[in-house]
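Breakdown of the fold
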Amino acid sequence: MKLTDDNEEVTMNGTREVETAEEEISSPCSLVIEAFPVKRSIIVGYALTSKKIKSFLQPKLEGLARNKGILFVAIDQNRPLSEQGPFDIVLHKQIGKEWRRILEEFRLAHPDVTVLDPPDAILHLRNRQSMLQCVADMNLSDSYGRVGVPKQLVIKRDASSIPEAVNKAGLRLPLVAKPLVADGSAKSHELSLAYDQHALLKLEPPLVLQEFVNHGGVLFKVYIVGEAIRVVRRFSLPDVSRRELSEAAGVFRFPRVSCAAASADDADLDPNIAELPPRPLLERLAKELRRGLGLRLFNLDIIREHGTRDRFYVIDINYFPGYGKMPEYEHVFTDFLLSVVQSQCKKRALVDQY
Ligand SMILES: O=P(O)(O)O[C@@H]1[C@@H](OP(=O)(O)O)[C@H](OP(=O)(O)O)[C@H](O)[C@H](OP(=O)(O)O)[C@H]1OP(=O)(O)O
Ligand SMILES: Nc1ncnc2c1ncn2[C@@H]1O[C@H](COP(=O)(O)OP(=O)(O)O)[C@@H](O)[C@H]1O
Ligand SMILES: [Mg+2]
Ligand SMILES: [Mg+2]
């Protein structure tokens, strides 16, 4: 057997072998389905920001992936995609027009490659109104609880119209004002809390105005990776009491709440506040969102209305979030990638059969 760098193989037990015949290296199926006699690494091409590469592609992930026969390869966005690879999976978090066109063309030419996820579906999360539409339409309610979205209103322009629009829509103060576009910029994460009617005039459209829901100052981040779900607790904005509401006035701006530094997993919390949302409820929610959004990699911020046990609100959904902070992400993510290739192989086997 001839050894070359290009045709290097990684088997299930982590040892390396080499296949030289064209046919034999065309599929990674033997890595995931015993019955297939073909061996090759699973190649995952990625187009991610340097910040994301640093937080996500950590040595532990790459090492574990290698042991499972998965190789991560950077996509050079200055070169045609079809000339690179061949890829089994493409990972990306981009929605630019040109990139959407490139990926669409690539998907048509390479239907066997799984693109995670479709750019149009990701685009849906870029607008804070369309982001939550799926949850609102779902109207999820069962014996484990109810999941909704806070009452909200979109203001496209003209701050002077806000007080009247708020009255007309019946929104109750205080209101959280969020930039309409969630494009990942620092500005798009700048939120404000408006306590009184006058304060509404100081807001800067385009924005989403959302009723502030008291939730005991703790939120749950629910990470989804395909079918896997992991939940963490983060500190959040504290409750606003009636008294505070009657005394406070103006707009309070805050740049970044509930970031990773605000982990509340080890904090000594009131058990009624700290209790995680029921697993079956999250499973249903995740399943419906996966289907409704057409996405497999995302997280959501969910809060429990303070004083209730089972009234939940989804306030934010993020595509390809900071998985580096998700417990056991290396295992969860590599298993997911294997499962993606497994379903590709099953599909291929079915096609070959008929
Ligand atoms: O920066 P990180 O690792 O905290 O991850 C950010 C996420 O934090 P989280 O995992 O939810 O704690 C963050 O979540 P939040 O919006 O803060 O809830 C976003 O997903 C952010 O992406 P973008 O800036 O909206 O494109 C994520 O940023 P990118 O890593 O995608 O740039
Ligand atoms: N409707 C709401 N009620 C109470 N707190 C909220 C509400 N919306 C947002 N927050 C708080 O503001 C933080 C940031 O809002 P979020 O919608 O998650 O924006 P981002 O995309 O910047 O994370 C949340 O983590 C939460 O602490
Ligand atoms: Mg958030
Ligand atoms: Mg967000």
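Residues numbered from 1 in each chain as written. Chains lettered and ligands numbered in written order. Predicted model: local features only at pLDDT ≥ 70, side-chain atom pairs only at ≥ 80, totals over all residues. Heavy atoms only, no water.

The name given to the chain in an unreviewed UniProt entry is Inositol-tetrakisphosphate 1-kinase, with Arabidopsis thaliana x Arabidopsis arenosa as the source organism. Annotation of the chain in UniProt includes, under Catalytic activity (unreviewed entry), the sentence "1D-myo-inositol 3,4,5,6-tetrakisphosphate + ATP = 1D-myo-inositol 1,3,4,5,6-pentakisphosphate + ADP + H(+)". Annotation of the chain in UniProt includes, under Function (unreviewed entry), the sentence "Kinase that can phosphorylate various inositol polyphosphate such as Ins(3,4,5,6)P4 or Ins(1,3,4)P3." (UniProt positions renumbered as here; feature names shortened; annotations may be inferred.)

Before going further, it helps to examine the packing of aromatic side chains. Using the criterion set out here, one finds eleven aromatic pairs in the structure. A ring pair is formed by F333 and F336, whose centres lie 6.0 Å apart and whose planes are at 75°; its orientation type is edge-to-face. Of the two residues, F333 and F336 both sit in helix 12 (residues 329-353), three residues apart, roughly one turn of that helix. Exposure remark for F336: the relative accessible area of 7% places this residue in the buried category. Of the aromatic side chains, those joined through ring pairs into one cluster are F56, F72, Y223, Y319, F320, Y323, Y329, F333 and F336. (Phe/Tyr/Trp six-rings, centres within 6.5 Å; stacked < 30°, edge-to-face > 60°. Helix = DSSP H or I, 4+ residues; strand = E, 2+ residues; numbered from the N terminus. Buried < 20%, exposed > 50% of the residue type's maximum accessible area, 1.4 Å probe, protein only.)

In this section: the pairing of strand 3 (residues 42-47). Burial runs high along strand 3: six of the six residues are buried. Both faces of strand 3 are covered, namely the face carrying I42, V44 and Y46 and the face carrying I43, G45 and A47. One ladder, built from five bridges, connects strand 3 with strand 4 (residues 70-74); its direction is parallel. Note that in strand 4 the partner of Y46 across the bridge is A74. In this structure, strand 3 lies alongside strand 5 (residues 89-92), joined through four bridges in parallel fashion. Counted as the bridge partner of A47 is H92 from strand 5. (Pairing = 2+ DSSP bridges.)

Right, let's get into the UniProt feature "domain: ATP-grasp" (unreviewed entry) in the chain. Residues annotated in UniProt with the feature "domain: ATP-grasp" (unreviewed entry) correspond here to residues 139-345. Across residues 139-345, helical content stands at 26% and strand content at 30%; the span's end C-alpha atoms are separated by 36 Å.

So, about the coordination of the magnesium ion (ligand 3). Between any two of four tetrahedral donors, the ideal angle at the metal is 109.5 degrees; between two of six octahedral donors, it is 90 or 180 degrees. Bound to the magnesium ion (ligand 3) on the protein side are D301 (OD) and D316 (OD), at distances that span 2.0 to 2.2 Å. Between the magnesium ion (ligand 3) and the magnesium ion (ligand 4), both coordinated by D316, there is a metal-metal distance of 3.7 Å. One end of the pair, D301, is in strand 16 (residues 297-304); the other, D316, is in strand 17 (residues 311-319), and 15 residues separate them in sequence. Neither residue differs from the other here; D301 and D316 are each classed as buried. (Donors = N, O, S within 2.8 Å, 3.2 Å for Na, K, Ca; no water.)

The next subject is a positive patch on the surface. Among the surface-exposed residues, K51, K93, R256 and K325 lie close enough to one another that they form a single positively charged patch. The topology assignment puts K51 in helix 2 (residues 50-56). (Patch = residues over 30% accessible without salt bridge, like charges linked within 9 Å, V, L, I, M, F, W, Y side chains within 5 Å. Areas by Shrake-Rupley, 256 points an atom, 1.4 Å probe, with all protein chains shown as cover. Salt bridge = Lys/Arg side-chain N within 4 Å of Asp/Glu carboxyl O. Lys, Arg positive; Asp, Glu negative; His and termini not counted. Charge placed at Lys NZ, Arg CZ, Asp CG, Glu CD.)

Applying the stated criterion to the full structure yields 17 salt bridges. In this structure, R101 engages E105 in a salt bridge whose closest nitrogen and oxygen atoms are separated by 2.8 Å. Linking R101 with E105, this pair stays in helix 4 (residues 97-109), spanning four residues, or about one helical turn. We classify R101 as partly exposed; its relative accessible area is 44%.

Bringing the site of ligand 1 into the picture now. Of all residues adjacent to ligand 1, which total 17 residues, the nearest are K51, K52, K93, K221 and K325. K51 places a polar side-chain atom, nitrogen or oxygen, 2.7 Å from an oxygen atom of ligand 1. Residue K221 places a side-chain N or O atom 2.7 Å away from an oxygen atom belonging to ligand 1. Here ligand 1, which alone exposes 600 Å², has 85% of that area covered by the protein. Within the residue set of the shell around ligand 1, elements represented by two or more residues are helix 2, strand 13 (218-225), strand 16 and strand 17. (Near = heavy atom within 4 Å. Polar contact = N/O pair within 3.5 Å; in protein donor to acceptor, adjacent residues only side chain to side chain.)

Spanning 13 residues, helix 4 covers 19 Å between terminal C-alpha atoms, matching the ideal 18 Å at 1.5 Å per step. Among the residues of helix 4, those classed as buried are W99, L103 and F106. Here the buried residues of helix 4 occupy an arc of 60° about the axis, which is enough to place them on one side. Residues K97, E105, L108 and A109 are exposed on helix 4 and point more than 90 degrees away from its buried face. Check the buried side of helix 4 and you find it contacts strand 3, strand 5, strand 6 (114-116) and helix 5 (119-123). (Expected span 1.5 Å × (residues − 1). Arc of directions from axis to C-beta. Contact = heavy atoms within 4.5 Å.)

Moving on, we come to the nonpolar core. One finds F56, L91, L289, L297, I317, Y323 and F333 to be the most contacted residues of the largest nonpolar core, which totals 60 residues. At nine residues, the largest contribution of residues to this core is made by helix 12. Among all residues touching L297, those that are not within four sequence positions of it are L91, L116, D117, I224, V225, N318, Y319, F320, P321, Y323, F333 and F336. One finds I155, V166, L207 and L209 within the second-largest nonpolar core, a separate group that totals 15 residues. (Core = buried A, V, L, I, M, F, W, Y, C linked by side-chain atoms within 4.5 Å.)

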